[in-house]
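# Reading the structure
Here is what each chain is made of, one letter per residue.
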Amino acid sequence: MYIDNYKVQIKGTKYHEKTDKQMKDQLLATYESNDGMNIKALANILEELADSHQANYNISFNIIMKQHDHD
């Protein structure tokens, strides 16, 4: 299966210096591309991102599949 584009957002807790508090559910990083790739390559990228950001739980996906037009 071929993926046309992707966007991965990493959310977590972020320290706010001015208030000296931890802020939950903050956007920490965004990775996205419009360059297509095989879904197996995307799976490898997701595993690396999850490991590097310690984000191995509570993962959500929004997938849109469009049917090929046969003209």
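Before reading on, note that the structure itself is shown above.
What comes next is a walk through the structure. (Residues numbered from 1 in each chain as written. Predicted model: local features only at pLDDT ≥ 70, side-chain atom pairs only at ≥ 80, totals over all residues. Heavy atoms only, no water.)

### Comments concerning the overall build of the protein
Worth spelling out the cut-off: Secondary structure is summarised from DSSP: a helix means a run of H or I of at least four residues, a strand means a run of E of at least two, and numbering begins at the N terminus for each. A radius of gyration in this sense is built from C-alpha atoms; the matching globule rule multiplies 2.2 Å by the number of residues raised to 0.38. For every residue, the accessible area obtained with a 1.4 Å probe (protein chains only) is divided by the maximum for its type, and the residue is called buried under 20%, exposed over 50%, and partly exposed between those limits. Any two residues whose heavy atoms approach within 4.5 Å at even a single point are treated as in contact. In these tables, accessible area is a Shrake-Rupley quantity obtained with a 1.4 Å probe, and a residue counts as shielded only by the protein chains included in the view. A positive count includes Lys and Arg, and a negative count includes Asp and Glu. His and the chain ends are not counted in either. Charged groups are reduced to one reference atom each: NZ for lysine, CZ for arginine, CG for aspartic acid, CD for glutamic acid.
Counting its regular elements, the protein contains 1 helix and 4 strands. Listing each helix as α and each strand as β along the protein from the N terminus yields β-β-β-β-α. The C-alpha radius of gyration computed for the protein amounts to 16 Å, which surpasses the reference 11 Å derived for 71 residues by more than 25%, pointing to a less compact arrangement than a globule. Principal axes of the C-alpha set define a box for the protein whose edges measure 60 × 25 × 20 Å. Residues counted as buried form 15% of the 71 residues belonging to the protein. For the protein, restricting intrachain contacts to residue pairs at least 6 apart in sequence, the fraction spanning at least 24 positions comes to 42%. Accessible area for the protein stands at about 6,800 Å²; split by element, carbon and sulfur atoms hold 46% of it. Taking the average location of the 8 positive side-chain charges in the protein and that of its 11 negative ones, the two points are 11 Å from each other.

### Quick notes on helix α1 (residues 39–52)
Condition: In this scheme, a helix's expected span is set at 1.5 Å multiplied by one less than its residue total. This arc describes the spread of directions from the helix axis toward the C-beta atoms.
The end-to-end C-alpha separation of α1 is 20 Å, in line with the 20 Å expected for 14 residues at 1.5 Å each. Every buried residue of α1 is accounted for by Leu42, Leu49 and Ala50. Viewed end-on, α1 has its buried residues packed into an arc of 100°, placing them on one side of the element. Exposed side of α1, more than 90 degrees from the buried face: Lys40, Glu47, Glu48, Asp51 and Ser52 are the residues found there. Tucked inside the fold, the buried residues of α1 contact β1 (2–3), β2 (6–16), β3 (21–33) and β4 (37–38). Phi turns positive, to about 50°, at Gln54, one or two residues after α1.

### Let's talk about the nonpolar core
Operational definition: Buried Ala, Val, Leu, Ile, Met, Phe, Trp, Tyr and Cys residues that are joined via side-chain atoms within 4.5 Å together make up what is termed a nonpolar core.
Counting residues in hydrophobic clusters, the biggest one holds 8 residues: Ile3, Tyr6, Val8, Ile10, Ala29, Met37, Leu42 and Leu49. A total of 3 residues in this core trace back to one element, the largest contributor, which is β2. In this structure, Tyr6 is in contact with Tyr31, Glu32, Ser33, Met37, Leu42 and Ile45, ignoring residues within four places of it in sequence.

### What about the pairing of β2?
Going by this rule: At least two DSSP bridges between two strands are required for those strands to pair.
Here β2 runs beside β3; their pairing, made up of 10 bridges, is antiparallel. Counterpart to Ile10 in the pairing with β3 is Ala29. If you look at the hairpin formed by β2 and β3, you'll find 4 residues sitting between the two strands, and Asp20 has a positive phi there, around 55°.

Keep in mind these values describe shape, not function.
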